[in-house]
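What follows is the residue order along each chain.
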Amino acid sequence: MSGKPKLHYFNGRGRMESIRWLLAAAGVEFDECFLETRDDLLKLQKSGALLFQQVPMVEIDGMKMVQTRAIGNYIAAKYNLYGKDLKERALIDMYVEAIIDLDELLMMYALQPADKKEQYLANIVDKATNRYFPVYEKVLKDQGQDFLVGNQLSRADVQLLEALLMAEEYKSDILAKFPLLQSFKARISNVPTIKKFLQPGSQRKPPLQEKDLPKVMKIFNLGH
Amino acid sequence: MSEKPRLIYFNGRGRMESVRWLLAAARVEFEEIFLDTREQYVKLIKDGSLMFQQVPLVEIDGMKMVQTRAILSYIAGKYNLYGKDLKERAFIDMYVEGITDLMHMILMFPFSPPEAKEKNLALITERATHRYFPVFEKALKQHGQDFLVGNQVSWADIQLMEVILAVEEKTPAVLLAFPQLQAFKTRMSNMPAIKKFLQPGSPRKPPPDDHYVSTVLKVLAEE
C-alpha cells in the first residue's frame, strides 16, 4: 500500500491545482483518482468519504481531507513552507488569500457567457495589474530578497508563481510593468522541484479547454 | 497608546463579525472604527492601509492585517484556539472552512435581489440541515466531548456557535433534529467570555438591516 497522498478530483486544474503545486514544490509524490462522470462524484458522496459532500478531497496521513485551504495549510505546515513563526505565517496567509481571490477570478472566466467574456477578461486584467501584482512587486522591491517571506521558499512563493503563469495564459504581456515579478517568475521556476513540475509529463494540468467544459459542468451539476 | 487590536469595518456584522467573536472568546478587548462614508474608505486606500484595497482591516501587534482568514488564523494561533498539533489544526481548518461556506451564504443574503431572497433562504436552511450541521452533530456524538476538536475550546467551536445563532435567526427551529448541537449551544452560551459577548452592550453586532446594506454599497461604491 502506498503512503503517497491521493488526490480525488476531475482531471483538470480547478480547486485542486494549487494542491498539486504545493505537493510538487515540496517534492512529495502523489497519486490521483479522477472523477469522469457525475456518478463518480455521487459514489464518492455515498461512500461517506467527503465530509461536506464536496471535492477536492485528499487522502493524506490517514485523513480524508477536504476544503482546499485546510489541505493547503496542512501540506504547507508539514513540509516547512509556512514560515518559521506566527508573524511570518500571518504574512504568508495574507499574500495567499489574495492570490486565491485572483485565482477565483481566473477560474470563473470559463463559466462566463460568451457575450460577457470580454468584459470579464478586462476586469481580470485590471484587478491583476492594479490590485494584486503591485503588492508583490513592492514586497520584492522593499525586501530585496529572493522570496516573499522570511528569506526562504514558502507557500506564498509557490502560489504566486502559479497565479503569474495562469495570468500570462490570459494575457501574455501581463507582467510587462513588473520587472521584479518577471525575475521572481524565472527564479522560482528554477527551484528544482518546481522546474520538474513545469516540464511536460508532470502532473500539472493544462488550462480547461472549451470542449471539456460541458463534462465538468455535468460532474458538478453546474449551469441551470 | 492603546495596545488593543483595532478593527476597521462597517458598523455591522459582515466579514468582521467572526473576528469579533474570536477576540471576545479569547477575552481580548478591542477598539472599532466604523466606515460610514466613502471618503473614509478612499482615505484608507490612499494612506496605503489596505493591502488589497479591501476591508476588514485589523491593526494588531504592529501589523495592518487584511484578509479575514489570515486575521482569524493569527488570532487563533496567538490565543491557543488552534489545537495542539498539526492534525488537530487540520480538523479545525476543515470544520471552519465548511462553516465559512455556510456563513458566506448568510453574509451575502441581504445583498441578493428581492426576487432571489426566498430561494436563497431555503438554500441556507437546506445546506445547514443536510450538509453542515449533521457533520458537527456526528463529531460531537462520536467522541462525546464538550468541544469539536482535542477536548478543548478552539476556533471551530466559536465559529460553529456563531453560525448556529445566525441560522436560528432565519430558521428558529433549525436545531430540532440536532440534540448534540442544542447541548453544545447551551454549553458555549454559558462560557463566561461568550456569555458576556451575548449580552446587550457587547461589541456583537445586530443582524444586517437596510441601512447596513445601503452603507456598504455606498462606501464601496458598488451598484
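Residues numbered from 1 in each chain as written. Chains lettered and ligands numbered in written order. Predicted model: local features only at pLDDT ≥ 70, side-chain atom pairs only at ≥ 80, totals over all residues. Heavy atoms only, no water.

Draft legend 1. Spotlight on unusual backbone geometry. Between Val 55 of chain A and Pro 56 of chain A the backbone carries a cis peptide bond, its omega angle lying at 5°. The residue after Val 55 of chain B, namely Pro 56 of chain B, is reached through a cis peptide bond having omega 10°. Positive phi is not limited to glycine here, since Gln 67 of chain A has a value of about 70°. Position of Gln 67 of chain A relative to the elements: it lies in the loop between strand S4 (63-66) and helix H3 (68-78). Unlike most non-glycine residues, Asn 151 of chain B shows phi in positive territory, near 55°. Exposure remark for Asn 151 of chain B: the relative accessible area of 48% places this residue in the partly exposed category. (Helix = DSSP H or I, 4+ residues; strand = E, 2+ residues; numbered from the N terminus. Buried < 20%, exposed > 50% of the residue type's maximum accessible area, 1.4 Å probe, protein only.)

Draft legend 2. Molecular detail of the sheet that holds strand S1 (residues 6-10) of chain A. All names here are of chain A. Taken in spatial order, the 4 strands line up as S2-S1-S3-S4 in an open sheet, and their pairing is mixed. Looking at which strands have only one partner, the edges of the open sheet turn out to be strand S2 (31-35) and S4. Between one strand axis and the next, the sheet turns by 20° as a mean value, whatever way the strands run. Relative to S2, S1 is paired through 5 bridges, and the arrangement is parallel. Considered in S2, the bridge of Tyr 9 is made with Phe 34. Sheet strands in contact with H3 are strand S3 (57-60) and S4, and its direction is about 125° off that of S4. (Pairing = 2+ DSSP bridges. Axes fitted to C-alpha atoms, helices over the stretch in contact; angles between N-to-C directions. Contact = heavy atoms within 4.5 Å.)

Draft legend 3. Here's a closer look at the UniProt feature "domain: GST C-terminal" (unreviewed entry) in chain B. The UniProt record annotates "domain: GST C-terminal" (unreviewed entry) at residues 85-209 of chain B. Note that residues 85-209 of chain B is 69% helix and 0% strand, and that its end C-alpha atoms are spaced 41 Å apart. (UniProt positions renumbered as here; feature names shortened; annotations may be inferred.)

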